[in-house]
Amino acid sequence: MDMKEYVSHGVPVTWTHLQTAEDSKMLGRPCGHYITLDTGPLDRLDSFDTVCACLADQLRPLLEPCFGKILCVCGLGNQDMVSDSLGPEVARRFRPKLFESFVEKSNFEKVVMVCPGVNGYTNLSSEKIVASVASAINAACILAVDCTSCTDLERLCSSISLTDNGMHSYWGTVDLRESTMGIPVVTIGVPTMIGVSALFDTGNTAQELHLTTLHIPNVIQSASFIIACAIAQVAFPELDFESCKQYIGLFLNNII
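Note that this is a predicted model, so its numbers are computed, not measured. Each chain has its residues counted from 1, following the order in which its sequence is written. In view of the model being predicted, local features appear only for residues whose pLDDT reaches at least 70, and side-chain atom pairs are presented and counted only at 80 or more, with totals across whole chains, interfaces and linings using the full set of residues. With hydrogens and water stripped out, all remaining heavy atoms of the structure feed into the side-chain values.

Caption draft 1: Structural view of the pairing of strand E4 (residues 70–75). Burial classes: relative accessible area under 20% of the type maximum marks a residue as buried, over 50% as exposed, and values in between as partly exposed (1.4 Å probe, protein chains only). Elements are defined by DSSP. Helices are runs of H or I of four residues or more, strands are runs of E of two residues or more, and each kind is numbered from the N terminus. In terms of burial, E4 is largely enclosed, as six of its six residues are buried. Here E4 shows two buried faces, one formed by Ile70, Cys72 and Cys74 and the other by Leu71, Val73 and Gly75. Strand pairing is defined by DSSP finding a minimum of two bridges between the two strands. With five bridges connecting them, E4 and strand E5 (residues 110–114) associate as parallel partners. When the sheet's bridge partners are listed, Cys74 is paired in E5 with Val114. Taken together, the five bridges between E4 and strand E6 (residues 141–150) define a ladder with parallel strand orientation. Following the sheet pairing, Val73 is matched in E6 by Leu143.

Below, the structure written as C-alpha cells:
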C-alpha cells in the first residue's frame, strides 16, 4: 500500500493506492486509488478557486487515460432530497454542450451529462440506465458524482473524495464499477450524511438512520459549484476558474 499526505493549492490531500489483496482486506476496500481533500466546512469556505484547482489537479490523472475518447458524466441522487442532491446540482452547473460553445479545445472526443434519477421515481436501477447510455455513445469512461455517508464527524460536509474503482451507494441501490459497467468508473463524492450508529451506541436499531447538518443547502451549493468547475477545467483546458464561474452563473440564471 502506498500512502502519502501533501498540500495542493493550500488544501491538505491524502492519497492512497491499494495494490494487493492484503491491502484491500486491511482497509476493507477494493484495490484502487483513493484521494481525499480536507476542505474544511464546505459551507464556510473562504476561497473556492483554490479548492477547485486542487480538485482539478487530483481528478486529471484519473481521467487522462481516456483523453481523446468519450466521457460520460453522471449526476447521481435525488433532486428532491437536499442531502442527496449533489449529482443533479452538479448537472445543473456543468453543461458540456454550452461549454463547447465557448472553447475550441477539449481533452475528450465528446463529453455528455446524464442524470438517471432514482429508482423510486423511475422504477429502473441507475446502473442499468447509465450502462445503457454509456454503451449507446461508446463511452470510454464514466465519471459519477454522488453524495456519500461517513462515520467520522470531522469529514461530514468537510471533504471531497475521489476514487478510480467505482462506487456502491450507501442506500445499496447503485453499483457503478468497471465490473458492472464494462468500462472504468471514476467517482467524486462528498459526505453529506453520517450514520446515527457512528455517533451513539444504539445497537442495531439505528443502522439505517442518517443525520445531516442544518446547513446542507449551502454545502450542496458550494460543493456542486466546485465539482462542476473542476470537471469543466479538466475537460476543457482553455477554461480558467473565473470563466467557469461566469458561465455557470449564466447557466443558473437561464441567460444562456
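Caption draft 2: Molecular detail of the pattern of salt bridges. We count a salt bridge whenever a side-chain nitrogen from Lys or Arg sits within 4 Å of a carboxyl oxygen from Asp or Glu. For the structure on display, the rule yields four salt bridges. Among the ionic pairs, Asp57 bridges to Arg60, the shortest N-O distance being 3.1 Å. Of this pair, Asp57 and Arg60 both sit in helix H2 (residues 48–63), three residues apart, which is roughly one turn of that helix. Given a relative accessible area of 32%, Asp57 falls into the partly exposed group. Judged by its relative accessible area of 25%, Arg60 falls in the partly exposed class.

Caption draft 3: Here's a closer look at helix H3 (residues 86–93). Within H3, seven of the eight residues are buried, which leaves the element mostly enclosed by the surrounding structure. All of the buried residues along H3 are Leu86, Gly87, Pro88, Glu89, Val90, Ala91 and Arg93.

Caption draft 4: How the structure looks around the nonpolar core. Counting 60 residues, the largest nonpolar core has Phe94 and Ile231 as the members making the most contacts within it. Ranked by residue count, the leading element in this core is helix H9 (residues 216–235), at 14 residues. We call a set of buried Ala, Val, Leu, Ile, Met, Phe, Trp, Tyr and Cys residues a nonpolar core when their side-chain atoms join them within 4.5 Å. Residues Ala134, Ala139, Val174 and Ile183 belong to the second largest nonpolar core, which totals 17 residues.

Caption draft 5: Broad picture of the packing of aromatic side chains. Only rings of Phe, Tyr and Trp enter the pairing, Trp through its six-membered ring, and a pair is recorded when the two centres are within 6.5 Å. The plane angle decides the type: under 30 degrees is stacked, over 60 is edge-to-face, the rest tilted. A complete count under the given rule lists eight aromatic pairs for this structure. For the ring pair Phe67 and Phe108, a centre distance of 5.2 Å and an interplane angle of 85° mean the geometry is edge-to-face. Of the two residues, Phe67 is situated in the loop between H2 and E4 and Phe108 in the loop between helix H4 (96–102) and E5; the sequence distance between them amounts to 41 residues. Relative to Tyr247, the ring of Phe99 has its centre 6.4 Å away and its plane inclined at 75°; by these criteria the two rings are edge-to-face.

Caption draft 6: Broad picture of unusual backbone geometry. We note that Asn123 has phi near 60°; this positive angle belongs to a residue other than glycine. Among the secondary structure elements, Asn123 is positioned in the loop between helix H5 (119–122) and helix H6 (126–136). You can call Asn123 exposed: its relative accessible area is 64%. At Cys157, a position not held by glycine, the phi torsion is positive, near 55°. Positionally, Cys157 belongs in the loop between E6 and strand E7 (159–163). Overall, the relative accessible area of 4% leaves Cys157 in the buried class.

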